[in-house]
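# Architecture and fold: a report
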Amino acid sequence: AQSVTQLDSHVSVSEGTPVLLRCNYSSSYSPSLFWYVQHPNKGLQLLLKYTSAATLVKGINGFEAEFKKSETSFHLTKPSAHMSDAAEYFCVVSGPSGTYKYIFGTGTRLKVLA
Amino acid sequence: KAGVTQTPRYLIKTRGQQVTLSCSPISGHRSVSWYQQTPGQGLQFLFEYFSETQRNKGNFPGRFSGRQFSNSRSEMNVSTLELGDSALYLCASSPGQPVETQYFGPGTRLLVL
């Protein structure tokens, strides 16, 4: 079965320091992986998507993620945090072929300290 | 292009009532998916519609149902509401092929008293 595990429920960083949000996945096939961000009282916004092309994926707002098959990981990084990055981040794996559904991780709440 | 819209944005109901939520997808998108978000269970898949047909459903009781119209707009209905149905209900649309990006609406926040 497909699943994702977000290893940290909360992460705090200081403004201007690097961000690392960790995600491990489990899949019986070559997965598609996504990172979404949710600001308070808002819907989900796509940050980036991996679909078996380049293993280093660049997204919006300076975020990027690296797909590492040997480690079954898809960690999200950003070189320098901004106050506006404070939000909840979700790692997502696509469901089995033909199911057309997403399987969400439990989320990581990012706090950015001034 | 306009994004995914959901109406209403907020809703308060009492136990035993029923509710209908509406979702309008991005123009040209034929697939609409519904998700429930709660603090305890996180984001869970409810069902997905494509060209007026339900293609997949999650593990929710039969009180949760949906439909899709010929213009791809979708509605979700919950009958006999329970306190535990209080949640943010998110709708997402995509063109309809496997592993395509889903674009989410702002959600409908339902409170059941």
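Scroll up to find the structure this text is about.
Quick summary incoming for the structure in this document. As the structure is a computational prediction, the values presented were derived from the model and not from experiment.

### A word on the overall build of chain B
Helix and strand counts for chain B stand at 0 helices and 11 strands. The linear arrangement of helices and strands in chain B, starting from the amino end, is β-β-β-β-β-β-β-β-β-β-β. A compact globule built from 113 residues should have a C-alpha radius of gyration of about 13 Å, and chain B, at 13 Å, falls within 12% of that. If one aligns the C-alpha atoms of chain B with their principal axes, the spans along those axes are about 35 × 25 × 25 Å. Within chain B, the proportion of its 113 residues that are buried is 50%. Taking as baseline every contact in chain B between residues at least 6 positions apart, the subset at least 24 positions apart corresponds to 53%. When the accessible surface of chain B is split by element, carbon and sulfur atoms take 49% of a total near 5,300 Å². Here chain B carries 11 positive and 6 negative side-chain charges, and the mean point of each set is 5 Å from the other.

### Some details on the interface of chain B and chain A
Facing the 22 residues of chain B at the interface are 17 residues of chain A. Surface buried jointly by chain B and chain A totals about 1,600 Å² across both partners, of which 56% is contributed by carbon and sulfur atoms. For the interface between chain B and chain A, the tally reads 0 salt bridges. Run the count over chain B and chain A and you get 5 residue pairs in polar contact (both at pLDDT 80 or more). Elements with a minimum of two residues in the side of chain B that touches chain A: β4 (31–38), β5 (42–50), β6 (53–57) and β9 (87–94) of chain B. Its residues assigned to classes, the side of chain B that touches chain A comprises 9 nonpolar, 8 polar and 5 charged.

### Observations regarding the pattern of salt bridges
In the structure shown here, the tally under the stated rule is 9 salt bridges over all chains. Its salt-bridge partner being R109(A), residue E88(A) comes within 2.9 Å of it at the nearest N-O pair. Taken together, the positions of E88(A) in strand β10 (residues 87–94) and R109(A) in strand β12 (residues 108–113) put the pair 21 residues apart, joining distant regions of the chain. The class of E88(A) is buried, set by a relative accessible area of 14%. Linked by salt bridges that have partners in common, R63(B), E82(B) and D85(B) make up one network.

### Digging into unusual backbone geometry
Going from T7(B) to P8(B), the amide bond is cis rather than trans, its omega being -15 degrees. Relative to the assigned elements, P8(B) resides in the loop between β1 (5–7) and β2 (10–13). Notably, T72(A) is not glycine yet its phi reads approximately 45 degrees, a positive angle. The class of T72(A) is partly exposed, set by a relative accessible area of 33%.

### Looking at the sheet that holds strand β7 (residues 64–68) of chain B
Each strand in a sheet pairs with another by means of backbone hydrogen bonds, the pair being arranged parallel or else antiparallel. Residue and element names in this part refer to chain B. In space, the 4 strands of this open sheet follow the order β1-β3-β8-β7, with antiparallel pairing throughout. Two strands lie at the open edges of the sheet, namely β1 and β7, each paired on one side alone. The sheet shows a mean angle of 20 degrees between the axes of neighbouring strands, taken without regard to direction. In terms of strand pairing, β1 meets strand β3 (residues 19–24) through 3 bridges, oriented antiparallel. What sits directly across from T7, in β3, is S22.

### A few points about the packing of aromatic side chains
What characterises a pair of aromatic rings is the spacing of the ring centres plus the angle enclosed by the ring planes. Applying the stated rule across the entire model yields 17 aromatic pairs over all chains. An angle of 55 degrees between the planes, with centres 5.8 Å apart, marks the rings of Y36(A) and Y102(A) as tilted. Taken together, the residues Y36(A) in strand β5 (residues 33–38) and Y102(A) in strand β11 (residues 102–104) connect sequence positions 66 residues apart. Here Y36(A) and Y102(A) have matching classes, each one buried. Each ring, one from F60(B) and one from F64(B), has its centre 5.2 Å from the other, and the planes form 65 degrees; the classification is edge-to-face. Relative accessible area serves as the criterion here: at 15%, F60(B) is assigned to the buried category. By way of ring pairs, the aromatic residues F34(A), Y36(A), F90(A), Y102(A), F104(A), Y35(B), F45(B) and F104(B) are connected into one cluster. For R55(B), the ring lying beneath its charged end belongs to F50(B), and the centroid distance is 4.2 Å.

Definitions and limits used
- Residues numbered from 1 in each chain as written.
- Chains lettered and ligands numbered in written order.
- Predicted model: local features only at pLDDT ≥ 70, side-chain atom pairs only at ≥ 80, totals over all residues.
- Heavy atoms only, no water.
- Helix = DSSP H or I, 4+ residues; strand = E, 2+ residues; numbered from the N terminus.
- Rg over C-alpha atoms; globule rule 2.2 N^0.38 Å.
- Buried < 20%, exposed > 50% of the residue type's maximum accessible area, 1.4 Å probe, protein only.
- Contact = heavy atoms within 4.5 Å.
- Areas by Shrake-Rupley, 256 points an atom, 1.4 Å probe, with all protein chains shown as cover.
- Lys, Arg positive; Asp, Glu negative; His and termini not counted.
- Charge placed at Lys NZ, Arg CZ, Asp CG, Glu CD.
- Buried area = accessible area lost by both parts, 1.4 Å probe.
- Salt bridge = Lys/Arg side-chain N within 4 Å of Asp/Glu carboxyl O.
- Polar contact = N/O pair within 3.5 Å; in protein donor to acceptor, adjacent residues only side chain to side chain.
- Nonpolar A, V, L, I, M, F, W, Y, C, P; charged D, E, K, R; others polar.
- Pairing = 2+ DSSP bridges.
- Axes fitted to C-alpha atoms, helices over the stretch in contact; angles between N-to-C directions.
- Phe/Tyr/Trp six-rings, centres within 6.5 Å; stacked < 30°, edge-to-face > 60°.
- Lys NZ or Arg CZ within 6 Å of the ring centre and 35° of its normal.

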